[in-house]
Amino acid sequence: MACRISELVIDCTDPEGLAVFWSEVLGYVELGRDDEGGIEIGPPEAGFGGPQPTLILSPHSDPSPGKLRLHIDVSATDRDQDAELERLLAIGARPVDIGQTGKESWHVLADPNTSNYQF
């Protein structure tokens, strides 16, 4: 039997803001909060234990310097890439230059908490 990813835990300085952002990006809803201020979001119809992993946004007051060891790749499911890029920028994502040539088929964006994600 193999394992599957059930949750991704992301340390961040603004769990509330990122919960709103990532819920909008992924169509997720808030599933719960813990006593330390962490917020779990996930698919509205499945929640924890479903086929998609949930995100736990865990408060962390000391931002880590340097490149993150993990990034999240997202792909549009109901529109073309240009329309999705426009939507993500409108909800707070920002373009990030990591040395792209301009010929890539993807974009690098930062969420409102400055983490990099490819799209």
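The structure we're discussing is the one just above.
Overview of the structure. What you see is a predicted model, and the numbers here were worked out from it, not measured in a lab. (Residues numbered from 1 in each chain as written. Predicted model: local features only at pLDDT ≥ 70, side-chain atom pairs only at ≥ 80, totals over all residues. Heavy atoms only, no water.)

As a further point, take the nonpolar core. In terms of nonpolar packing, the biggest core is built from 18 residues, with Trp 22, Ile 41, Leu 55, Leu 57 and Leu 88 touching the most fellow members. Contributing elements (two or more residues each) for this core: β1 (7-12), α1 (15-26), β3 (39-42), β4 (54-59) and α2 (81-90). For this core, the element with the most residues is α1, which contributes five residues. (Core = buried A, V, L, I, M, F, W, Y, C linked by side-chain atoms within 4.5 Å. Buried < 20%, exposed > 50% of the residue type's maximum accessible area, 1.4 Å probe, protein only. Helix = DSSP H or I, 4+ residues; strand = E, 2+ residues; numbered from the N terminus.)

A separate point is α2. Listing the buried residues of α2 in full gives Glu 84, Leu 85, Arg 87 and Leu 88. Buried positions in α2, seen along its axis, are confined to an arc of 160 degrees and lie on one side of it. Projecting away from the buried face of α2 at angles above 90 degrees are the exposed residues Asp 82, Glu 86 and Ala 90. Buried residues belonging to α2 abut α1 and β6 (108-110). Put simply, Asp 80 is the residue that caps the front of α2, since its side-chain oxygen is 3.2 Å from the backbone nitrogen of Asp 82. Remark: Gly 92 follows α2 within two positions and exhibits a positive phi of approximately 120 degrees. (Arc of directions from axis to C-beta. Contact = heavy atoms within 4.5 Å. Polar contact = N/O pair within 3.5 Å; in protein donor to acceptor, adjacent residues only side chain to side chain.)

All right, on to the layout of surface pockets then. The volume enclosed by the second largest pocket comes to roughly 420 Å³. As for the second largest pocket, its lining consists of 24 residues, of which Val 25, Leu 26, Gly 27, Gln 52 and Ser 75 are closest to the centre. For the lining of the second largest pocket, the secondary structure elements donating two or more residues are α1, β4 and α2. Looking at the lining of the second largest pocket, the element that brings in the most residues is α1, giving four residues. (1 Å grid on protein atoms, 1.4 Å probe; cavity = no way out; pocket = protein on both sides within 12 Å on 5 of 7 lines; lining within 4 Å. Points joined across faces, edges and corners; volume = space filled by probe spheres on them.)

In terms of strand pairing, strand β2 (residues 29-33) meets β3 through four bridges, oriented antiparallel. Directly across from Gly 32, in β3, lies its bridge partner Glu 40. What sits between the antiparallel neighbours β2 and β3 is a turn of five residues, in which Gly 37 has the positive phi angle 100 degrees. (Pairing = 2+ DSSP bridges.)

All told, the structure shown has one aromatic pair when counted by the stated rule. Ring plane angle 85 degrees and centroid distance 5.3 Å describe the contact between Phe 21 and Trp 22, whose orientation is recorded as edge-to-face. In this pair, the class of Phe 21 matches that of Trp 22, namely buried. (Phe/Tyr/Trp six-rings, centres within 6.5 Å; stacked < 30°, edge-to-face > 60°.)

Mapped onto the fold, Asp 111 is located in the loop between β6 and β7 (116-118). Here Asp 111 sits buried without a salt bridge, and the closest side chain of opposite charge, Arg 94, lies 5.7 Å off (N-O distance). Separated by 3.5 Å, the side chains of Asp 111 and Trp 22 make a polar contact. (Lys, Arg positive; Asp, Glu negative; His and termini not counted. Salt bridge = Lys/Arg side-chain N within 4 Å of Asp/Glu carboxyl O.)

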